[in-house]
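Summary of structural features
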Amino acid sequence: MIEPNVAGGLIGGALIGISSVLMLLLLGRITGIAGILTGVITWNKADGLSWRMAFVAGLVLGAVLYQLFVGPLPLQMQASGPLLIVAGLLVGMGTRLGSGCTSGHGVCGIARRSPRSFASTATFMVVAVVTVFVMRHVLS
Amino acid sequence: MKSAIAALICGILFGLGLSISEMINPARVIGFLDVAGDWDLTLMLVMGSALIVTVVGFPLITRKAHPLLADKFSLPTKTELDMPLISGAVLFGIGWGLAGLCPGPALAGMASLEPGIFLFVAAMIAGQYIGIRLEKAFAR
């Protein structure tokens, strides 16, 4: 087993939770990154564009602040080239069709006790585990 | 304006959370998904910690008449488990397993200036456009 990042995981997870709670308290919105991104790329002014752009900017800024005050971002790519493009296409298509990702369904939807989010989270978790198993232990 | 500032701050908290918890690192994500390899439980700690905050916080907030900076809550209304939900979760799960990246960490990861992240984000945006087309086809 790999040494888990216990302190970072618990503190970082709490920050993600606090961000989601504040978004609901202040804006009345679900913090689903895929959905927020869709609003930006479709330039959907009817459903609030400025808060979406501000959130995405903040997301990047948060990682910039980490680099400035904590250290280099821990980032080890696990795929490259065509595989990375295929993965990106699937994540984009899947989050749109499935109305959400790890944050929208996994963190917010489960807290809302949404049956759709339970079903989605269980599905993408199992499929991702199977995908990694096939890539790491069957094909390689 | 107020809601954009609120969203910016929430985005920063979320980006910091992803960085501190190392969920911005595809190696940590794949490490969690690779149950047959060197398993890394960090992702479970992150999600658990975030969920403790949202599971406690969300019901307290949705009891209010409206959010602090908006007239009403904008929450998902669908309840049925349909084909787009499940097929979307399957596609997302495959993409997530291939690269170890989901929308939040991919967007925040742009702060690292790693070229692969930009490639993934571009493909993810293209994928969302395809997903929107597919949604319309499903709706017909």
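Let us look at the structure shown here. (Residues numbered from 1 in each chain as written. Chains lettered and ligands numbered in written order. Predicted model: local features only at pLDDT ≥ 70, side-chain atom pairs only at ≥ 80, totals over all residues.)

If you look at the interface, chain B gives 106 residues, while chain A gives 100 residues. Counting only elements with at least two residues in the side of chain B that touches chain A, the list comes to α1 (2-20), α2 (26-33), α3 (42-62), α4 (83-99), α5 (103-109) and α6 (115-139) of chain B. With 17 residues, the single largest contributor to the side of chain B that touches chain A is α1(B). When the residues that make up the side of chain B that touches chain A are grouped by side-chain class, the tally is 68 nonpolar, 30 polar and 8 charged. (Contact = placed C-beta atoms within 7 Å. Helix = DSSP H or I, 4+ residues; strand = E, 2+ residues; numbered from the N terminus. Nonpolar A, V, L, I, M, F, W, Y, C, P; charged D, E, K, R; others polar.)

This part takes up unusual backbone geometry. If you check the backbone angles, Ser99(A) has positive phi at about 55 degrees while not being a glycine. Located in the positive-phi region is Leu113(B), a residue other than glycine, with phi close to 65 degrees. Along the polypeptide, Leu113(B) turns up in the loop between α5 and α6.

All names here are of chain B. Mapped onto the fold, Val29 is located in helix α2. With 37 residues separating them in the primary sequence, Val29 and His66 have C-alpha atoms 36 Å apart. With residues near it in sequence (within four places) discarded, Val29 still touches Met23, Leu43 and Gly100.

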